[in-house]
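Residues per chain, in single letters:
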Amino acid sequence: MNDDTVRLSMIGRIVRRRWRVLAALAVLGALVGAGASLIFSPGYRTTSHVLLQGAPDSSELMTETQIATSSVVLDRTAQALAWGVSGSELHDSVSATAADGNIVAITAEAETPENAQLLADQVAKEYVNYSAQLIGSTADAASQIRQEQEDALRRQVQETNDRITDLSRRVQGVTVESVEVRTQLETLRTALTEAMAKLDQLDGGGRQAQVVVMGSAERPSSPAPPTMIHFVAGGALVFFLLGVLGHLVGARTDRRLRNEAEISAAVGAPLLGSVDVPETPDHAPAGDEGRWWARLLKTDEPWNLPELNASADAASREIRYRRVLSRLGDGSGVFSRVLVLAAQDDPVARTAVAQLAAAGHGGRPELRVALIDPERPTVPDDRESAGVLVVVSSGTRTGWELVAITEAAADAGQRVLGVVVAQRTAAVPEPGGTKTAGDEALAGSA
């Protein structure tokens, strides 16, 4: 299988085995999203449009949008509305953009439709009033400058006309050259007169564009996105995906071996088989006892272990254990005595060892059970044993820990005959309340 197939398989297993945790995370995310919507949701939004008369260019339109959201306009709006807020506080609720057709769109946000409409209309009104004041003050100064320039231009035209008249008088005679010169001079005089007439006809040239409100803003009928529903759905989805990602990262960084082939390779012995161990309260991981939420969310059960078909009943499970014992041998027959090793902190392996001892009770090979400390493993001396059988539950030991157990066995002069992988499965009700002799077998072990 390629990486994508393996990844999809892991995600499916996470959803199937950890759906309670993912559902709890989704609910938590929905609550966080609902709380975030109270802070970041824009509420109701509406827009008022203001038309700029004339032919303003793009730079002038951008200037007008800045004027519409200036502190002067917003301060006047806050004073007119009397909502108990300042103009700077309204700055995040008001925006202006340049639209097609020389239109400035003023958008306002508020908690209610009425307030949103009122805010947009008032900002547009104050913007028009302030713009008119700017145009009026600028027009007065421009008019004075223009009048001075026109007077200077008229004086220059008059001086030019006087010069043309003087030149015409100096031309004597009626020769062809003199007539041609006088004709050109009169043509210049006529051109100057026409240019001056056109200058007088220009009225208000260079005036700034006028602004007018195109109408009242529309009252919004529904909240603007993102609404609380969007925040709730988004929060639930984000937390759900974070939960899946967290499981994937945790599985990636966890160095404990789960695959049977990897466990067998780390021990350096053949795999004799996998056995199932019905779940009991003693199998809860350390630290999870008494935590109701761990049992409710099923976090006390590993999700990334290989699936093993559970035995139908105690008799079927005993047959599986006997088959594992029957594989102990070197070709010359079954060993007479075998030392069985299991970690002290591995309750599933301890249960499997007990059931192996019960299944092989009174037969061959004779099993001697030894519980070892996985951090500092020490294998007891037993010269009568043909070797050791390592029993480990899937997903509890790293490769180095298994290598340490193998080295401890070699230090005790024992060879590893095989490895048995125990996997916890759901408990199956036994008919008639049949009980196993697991704990009794462990009680008499060394």
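Below: a short report on this structure. Note that this is a predicted model, so its numbers are computed, not measured. (Residues numbered from 1 in each chain as written. Predicted model: local features only at pLDDT ≥ 70, side-chain atom pairs only at ≥ 80, totals over all residues. Heavy atoms only, no water.)

Remarks on the overall build of the protein chain
Along the protein chain, the regular secondary structure elements total 14 helices and 9 strands. The buried share of the protein chain, reckoned over its 446 residues, is 37%. Looking at the protein chain alone, contacts between residues at least 24 apart form 83% of all its contacts between residues at least 6 apart. (Helix = DSSP H or I, 4+ residues; strand = E, 2+ residues; numbered from the N terminus. Buried < 20%, exposed > 50% of the residue type's maximum accessible area, 1.4 Å probe, protein only. Contact = heavy atoms within 4.5 Å.)

A few points about the pairing of strand E5 (residues 271–278)
Counted residue by residue, E5 has 7 buried out of 8 residues, so it is predominantly covered. Pairing between E5 and strand E9 (residues 416–425): 7 bridges, direction parallel. Pairing of Asp-276 across the sheet is with Gln-423, part of E9. (Pairing = 2+ DSSP bridges.)

As for the environment of Gly-395
Mapped onto the secondary structure, Gly-395 falls in the loop between strand E8 (388–393) and helix H13 (399–411). A relative accessible area of 11% places Gly-395 in the buried class. Gly-395 sits 141 residues away from Asp-254 along the chain, and the two C-alpha atoms are 9.1 Å apart.

Section: the sheet that holds strand E2 (residues 94–99)
Here 4 strands make up an open sheet; going across it, the order is E2-E3-E1-E4 and the pairing antiparallel. Two strands close off the open sheet at either side, each with one partner strand: E2 and strand E4 (211–213). Strand-to-strand twist in this sheet, taken as the mean axis angle between neighbours without regard to direction, amounts to 30°. Here 8 bridges tie strand E1 (residues 44–52) to strand E3 (residues 103–110), and the two strands are oriented antiparallel to one another. Across the sheet, the residue bridging to Leu-51 is Ile-103, located in E3. In the packing of helix H3 (residues 58–68) onto the sheet, the strands contacted are E1, E2, E3 and E4, and the crossing angle to E2 comes to about 165°. (Axes fitted to C-alpha atoms, helices over the stretch in contact; angles between N-to-C directions.)

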